[in-house]
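# Observations on the model geometry
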Amino acid sequence: PPSRLDDAAYPTEAKELDMGDEADDNLCTVEWNATAGNAAAAPGSLPESVALPLGATLAALSGLFLALSMVIQRYALAYPTYHVNVIITRLPRPAVWSIGFAVYFAANLLFAYSSTLTPLTLNATLFTLLLVWNLLFSRICLHERIAPPRAIGAVLIVIGAAISVCGTPLNARNDFGPDDIADL
């Protein structure tokens, strides 16, 4: 069977696009892939033995950075003065909040790229660990108290993520086109 990144696994269809109301010479035929997943199958793409662990790592890191971004923004908004202490300097509150937003944006870019490398079920599970990261960053950066229900919730999230990751089928079909979705 073709691998997830094999071109044979992603059928293409020819579609005619009307480029305007003028003569038929404005009709053109384009070839498009039936799934967004084939974007990862472009020439020079990573072999699946590399793509899967890299995608999983990037998904986990995207959750970590998203949690960090939220804590940075909360830190900026909750700081008692307009100028916020950041590492070895003081910055205006909007600048610190903007740094948090930039980290948030980067985390989402990481997640989007990781989604081209691994199954979405695996990505979503690893990304959900952001709740645990948020708890840890809140404790470290904001000195929030970790109440027992929060600690229990974090443990349950990690257990659920581990079960989900271990149960992710690596050979599941994930190349559904519009016709396949309609048939469901």
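This write-up is about the structure you can find in this document. Nothing here was measured: the structure is a model prediction, and the numbers come from that model. (Residues numbered from 1 in each chain as written. Predicted model: local features only at pLDDT ≥ 70, side-chain atom pairs only at ≥ 80, totals over all residues. Heavy atoms only, no water.)

In the case of a regular strand, side chains alternate between the two sheet surfaces. Sheet analysis places strand β3 (residues 83-86) next to strand β4 (residues 89-92), joined by 4 bridges and oriented antiparallel. Pairing of His83 across the sheet is with Pro92, part of β4. Between the end of β3 and the start of β4, which pair antiparallel, lie 2 residues, with Ile87 showing a positive phi angle near 55°. (Pairing = 2+ DSSP bridges. Helix = DSSP H or I, 4+ residues; strand = E, 2+ residues; numbered from the N terminus.)

Here we come to the packing of helix α1 (residues 48-78) against helix α4 (residues 130-142). Close contact between α1 and α4 brings their axes to 8 Å; oriented N to C, the two are set at 40°. Put simply, α1 runs oblique to α4. For the pair α1 and α4, the sense of crossing is right-handed. Residues Ala60, Gly63, Leu64, Leu66, Ala67, Leu68, Met70, Val71, Arg74 and Tyr75 of α1 form the contact with α4, whose participating residues are Leu130, Trp133, Asn134, Phe137, Ser138, Cys141 and Leu142. (Axes fitted to C-alpha atoms, helices over the stretch in contact; angles between N-to-C directions. Parallel < 35°, antiparallel > 145°, perpendicular 65-115°, else oblique. Left-handed = near helix turned anticlockwise from the far one by under 90°. Contact = heavy atoms within 4.5 Å.)

Attention shifts here to the pattern of salt bridges. All chains considered together, the criterion is met by 1 salt bridge. In this structure, Arg150 engages Glu144 in a salt bridge whose closest nitrogen and oxygen atoms are separated by 3.6 Å. Assessed through its relative accessible area of 45%, Arg150 is described here as partly exposed. Judged by its relative accessible area of 28%, Glu144 is partly exposed. (Salt bridge = Lys/Arg side-chain N within 4 Å of Asp/Glu carboxyl O. Buried < 20%, exposed > 50% of the residue type's maximum accessible area, 1.4 Å probe, protein only.)

On to the environment of Pro119. Mapped onto the secondary structure, Pro119 falls in the loop between α2 (93-115) and α3 (120-128). Spatially, the C-alpha atom of Pro119 lies 8.4 Å from that of Leu52, the residues being 67 residues apart in sequence.

Let us look at unusual backbone geometry. Despite not being glycine, Ile87 has its phi angle at roughly 55°, a positive value. By the element assignment, Ile87 lies in the loop between β3 and β4. Positive phi outside glycine occurs at His143, with the angle close to 60°. Along the polypeptide, His143 turns up in the loop between α4 and α5 (148-166). Judged by its relative accessible area of 62%, His143 falls in the exposed class.

Turning our eyes to something else, we now look at a nonpolar patch on the surface. A grouping of Leu77, Trp97, Phe101, Tyr104, Phe105 and Leu109 is seen on the molecular surface, where their side chains present a nonpolar patch of about 620 Å² in accessible area. A per-element tally of the nonpolar patch places α2 first, with 5 residues. Following the sequence through the fold, Phe105 ends up in helix α2. (Patch = residues over 30% accessible without salt bridge, like charges linked within 9 Å, V, L, I, M, F, W, Y side chains within 5 Å. Areas by Shrake-Rupley, 256 points an atom, 1.4 Å probe, with all protein chains shown as cover.)

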